[in-house]
Structures are given as C-alpha cells and as structure tokens.
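Structural characterization, general
So you can see what is in the structure, the chains are spelled out below.
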Amino acid sequence: AWKVELSSMADRVLEVRSLLRAGLEKKGTPGTWNHITDQIGMFSFTGLSPEMCERLISEHHIYLLKSGRISLAGLNKGNIQYMVDCVDEVVRACWRKY
C-alpha cells in the first residue's frame, strides 16, 4: 500500500514540474525553464535571483528560499497557474535590471 502512495506522490511531483515548465514556456517568460523538469525530487531550484524571490514572497505570498529553492509539494493543478503568473511577473519586473 505504501508503495502505491509513494508512486502516486512521485507522479504528482513530476506532473507539477511539467505543468510549471509548460506554463512558463507558453507564457513566454524570459529565460530557460528546462531545468525544472531536468531535476528530480520534491524540491526545485527555480533559477530565480534573490531579488526575484523576495518579490515572490512580498508581493505574491509565495514562499521559497532566496537561493531560489522551492518545495513542489505545495503546488497542484488548482494553484499552478497562479505560480506561473507570479513567476512571470517577477521575472519581467526584475529582468530589466540585469
């Protein structure tokens, strides 16, 4: 039984990774996003700068480390579009400065 639950959880994390990458690419968010699906596990390195991470936290209430590392466990089909939209906003807002 626990193997079925583990498999289900792993599949969900893979799906979230895929949806996040596809959403960012579809939106044309500046940068490359293949690293999201190239990684494995429940955490992902987003590639966002500390400034972008701070903006995600303060403006959008999405909490992650300033290193850009985020837990994927909190993402699902119901909130993935919000995540995509917010990442797109902070990247575009901060991208001009680089």
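For the structure itself, consult the block above.
Report on the accompanying structure. (Residues numbered from 1 in each chain as written. Predicted model: local features only at pLDDT ≥ 70, side-chain atom pairs only at ≥ 80, totals over all residues. Heavy atoms only, no water.)

1. Description of the packing of helix α3 (residues 50–60) against helix α4 (residues 80–95)
To keep things clear, this is the line we draw: Throughout, an axis means a line fitted to C-alpha atoms (over the contacting stretch in the case of helices), and angles, computed between N-to-C directions, take values from 0 to 180 degrees. We count a stretch as a helix when DSSP gives it H or I for four or more residues in a row; a strand needs E for two or more, and each element gets its number in order from the N terminus. Under this scheme an angle from 65 to 115 degrees is roughly perpendicular, one under 35 degrees roughly parallel, and one over 145 degrees roughly antiparallel; angles in between are oblique. Whether a crossing is left-handed or right-handed is set by the direction in which the near helix is turned from the far one by less than a right angle, anticlockwise for left-handed and clockwise for right-handed. Throughout, a contact is declared for two residues whenever any of their heavy atoms are within 4.5 Å. When residues are sorted by character, Ala, Val, Leu, Ile, Met, Phe, Trp, Tyr, Cys and Pro go into the nonpolar class, Asp, Glu, Lys and Arg into the charged class, and all the rest, Gly among them, into the polar class.
Direction vectors running N to C along α3 and α4 enclose 125°, while the axes themselves pass 9 Å from each other. With respect to α4, the element α3 is oriented oblique. Between α3 and α4 the crossing geometry is right-handed. Contacts from Glu51, Met52, Arg55, Leu56 and His60 of α3 reach α4 at Tyr82, Cys86, Val87, Glu89, Val90, Val91, Ala93, Cys94 and Trp95. Counted by class, the contact of α3 with α4 contains ten nonpolar, one polar and three charged residues.

2. Focus: the pattern of salt bridges
Heads up, the condition is: Within this document, salt bridges are pairs made up of a side-chain nitrogen of Lys or Arg and a carboxyl oxygen of Asp or Glu, the two lying within 4 Å of each other. Only protein chains enter the calculation, and the probe is 1.4 Å; a residue is then buried if its accessible area is under 20% of its type maximum, exposed if over 50%, and partly exposed in between.
The full count for this structure, using the stated rule, is five salt bridges. Put simply, Glu15 and Lys77 hold a salt bridge, and the shortest N to O gap is 3.3 Å. Of the two residues, Glu15 is situated in helix α1 (residues 2–27) and Lys77 in the loop between β2 (69–71) and α4; the sequence distance between them amounts to 62 residues. On the accessibility criterion, Lys77 (62% relative accessible area) is exposed.

3. So, the side chain of Gln39
Defined as follows: Definition of a polar contact: a pair of N or O atoms within 3.5 Å, with one able to donate and the other able to accept a hydrogen when the atoms are protein atoms, and with sequence-neighbouring residues admitted only if both atoms are side-chain atoms.
Assignment of secondary structure puts Gln39 in the loop between α2 (34–38) and β1 (43–45). A polar side-chain atom of Gln39 sits 2.9 Å from the main-chain carbonyl oxygen of His35. Within polar-contact distance, the side chain of Gln39 engages the backbone nitrogen of Phe45 at 2.8 Å. Sequence-distant contacts of Gln39, defined by excluding residues within four places in its chain, comprise Arg17, Ser44 and Phe45.

4. Quick word on the side chain of His60
You can see His60 is positioned in helix α3. Only 2.8 Å separates the side chain of His60 from the side chain of Glu89, close enough to count as a polar contact. With residues near it in sequence (within four places) discarded, His60 still touches Arg55, Tyr82, Cys86, Glu89 and Val90.

5. Quick notes on unusual backbone geometry
One non-glycine residue, His61, lies in positive phi territory at about 60°. Inspection of the secondary structure assignment puts His61 in the loop between α3 and β2.

6. Regarding α1
Note the following rule: Any helix carries an expected span of 1.5 Å times its number of residues minus one.
Here α1 contains 26 residues, and its C-alpha end-to-end distance of 37 Å stays within 8% of the 38 Å for a straight helix at 1.5 Å per residue. Residues of α1 that are buried: Val13, Val16, Arg17, Leu20, Gly23 and Leu24. If you follow the buried residues of α1, they end up packed against α2, β1 and α4. Two residues or fewer past α1, Gly28 is found with a positive phi of approximately 75°.

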